[in-house]
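# Report on the structure
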Amino acid sequence: MSATLVAKDLSGGHGHRVLFEGLDLTVAPGDVVGVVGANGAGKSTLLSLLAGVSDPMAGSVSCAPRDAFVGLLPQEHERVPGETVAAYVARRTGAAAATAAMESAAASLGSGEAGVDDAYAVAFDRWMASGAPDLEDRIAPVLDDLGLDVGPDAMMTSLSGGQAARVALAALLLSRFDVVLLDEPTNDLDLDGLARLEAFVQGLRGGVVLVSHDREFLARCVTRIVELDLAQHQVTVHDGGYDAFLQERAVARRHAREAYEQYASTRADLDARARTQREWSSQGVRNAMRKNPDNDKIRRKAATESSEKQAQKVRQMESRIARLEEVEEPRKEWVLQFDIAAAPRSSTVVATLNEARVRLGDFELGPVSAQVEAGDRIGITGPNGAGKTTLLRLLLGDASPDAGSASLGASVAVGVIDQTRTILDDALSLGDAFEAVVPQLTQSEARTLLAKFGLKADQVASEVGRLSPGERTRAAMALLQARGVNLLVLDEPTNHLDLPAIEQLEQALASYDGALLLVSHDRRLLENVRLDQRWEVDGGRVVVRHV
């Protein structure tokens, strides 16, 4: 079905806090709208409003036709205990809800109640539109096409992060939504998964609204950008693709800063001139009184006229200041200031693998012979399940080889951001867990450092396990700044980071001179970060290439 989603004067937020307001947006068939903004700006809130899951603070959301099938696929790949892959796909595609509604309506047939037949007809049409009738037959071929070695009956809780991401992609490919709302669909996808996702989005006839921090994905897919600027409290719709938006935003910010600086300079000059004229006027009156103690009427009249002329000039200057069109100073948004603390230099050889093999069930990594030297900057790429994380565990000594050898050099200070962000104890509050890992910091110093990474009192008091993935990532980055490292290991570091934080990470890596192991599917990150080696991992084999 061809459908159009319309938001008019839309405002969203939490409690009494308004995150954005006044958004007018039309999503027509074929539109791909990207939503960007810092974490906490309201991107997921906007998708929830467009899906009708939550109510706006003001404004309205409507769809034409009214029975259009709008689907929201949230950021987290929820793994419900006891839920199979097939049940997960049915839930994500809306088929499960449509089936339940159709069965409920069918059970009411024959009751004689008014409107039952119409309700069943509507529910049946929705059930058909969701693709539920043949969903079970379509699941297995799509899973197989995506290279998943799990079937529809596998439990979601047994899957790795990469496998769960592939199943979420399968749900998207199997969906029959008229308008698709995607929240961070690129997280945990490898390069092949990203290519499939891009092809799917580009081939959709219906409208798409998506939130993503994958810059290359945005550049390849979106036709418009909605920017939620929390610092300026503005929401802006930019026509054109992502790269055009970046250029347009840079020009607009430069013009806004120039306009304010010109206004501030003009205002300061007029204020100074008005102040000088007021001083001259006052000084002239005092001088006239001091020099003319007698009651000479002519001199007194001349002094009065001179004073009035000065006062008139002051009034004219104040009038010019009042007529000056005020330009507000552009507010600076919060920016993550991130530096990687350096440790004393390690041994020349940081880590070595010699014919190392590891067996995990039916999977085997190796034999791998490789060496990491001080200052090496290595990018590690490969499909999900190829053995990248296992390779890291071998290099760091967290796993022992079943054959061959693995060794870590002397004086190696390791800093890690792992893929699952499990560095801190989930059961402790963030403040307590952080202080336990960096005992050299006082409580005040630890809290101050966390605040610099946007983690305020509420997050510090919350259990680590209850934090969002983005908050856990920023906590891991704070640890890197608190502890000196000479071997930095980053496993998918851009997952759940917003665009400003990703740019800060790139800047920090540019100035870091220790050894670096970077596992990522973020194509622009791999392009922007200086690397001297690429390790390509596939099917348990590692190929080393010098850049």
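Structure: above.
Source: prediction; values computed, not measured. (Residues numbered from 1 in each chain as written. Predicted model: local features only at pLDDT ≥ 70, side-chain atom pairs only at ≥ 80, totals over all residues. Heavy atoms only, no water.)

### Examining the pattern of salt bridges
- One pass over the structure, following the stated rule, counts 25 salt bridges.
- The partner of Arg91 in a salt bridge is Glu83, with the nearest N and O atoms 2.8 Å apart.
- With a relative accessible area of 32%, Arg91 lands in the partly exposed category.
- Between Arg524 and Asp243 there is a salt bridge, and its shortest N-O distance comes to 3.2 Å. With Arg524 in helix α17 (residues 523-528) and Asp243 in helix α9 (residues 242-291), this pair connects stretches of sequence that are 281 residues apart.
- A relative accessible area of 18% means that Arg524 is categorised as buried.
- Ionic contacts of the salt-bridge type, sharing partners, join the residues Glu198, Asp214, Glu216, Arg220, Asp243, Arg523 and Arg524 into one network. (Salt bridge = Lys/Arg side-chain N within 4 Å of Asp/Glu carboxyl O. Buried < 20%, exposed > 50% of the residue type's maximum accessible area, 1.4 Å probe, protein only. Helix = DSSP H or I, 4+ residues; strand = E, 2+ residues; numbered from the N terminus.)

### A word on the environment of Gly59
- Mapping Gly59 onto the fold places it in strand β4 (residues 58-64).
- A relative accessible area of 42% places Gly59 in the partly exposed class.
- Note: C-alpha distance between Gly59 and Asp9 (50 residues apart in sequence) is 4.7 Å.
- Contact partners of Gly59, with chain neighbours within four places excluded, come to Lys8, Asp9 and Leu10. (Contact = heavy atoms within 4.5 Å.)

### Thoughts on helix α16 (residues 499-511)
- A rise of 1.5 Å per residue sets the reference length of α16, with its 13 residues, at 18 Å; its end C-alpha atoms lie 19 Å apart and thus fit the reference within 8%.
- Of the residues making up α16, those classed as buried are Leu499, Ala501, Ile502, Gln504, Leu505, Glu506, Ala508 and Leu509.
- The opening residue of α16, the one whose side-chain oxygen lies 3.0 Å from the backbone nitrogen of Ala501, is Asp498. (Expected span 1.5 Å × (residues − 1). Polar contact = N/O pair within 3.5 Å; in protein donor to acceptor, adjacent residues only side chain to side chain.)

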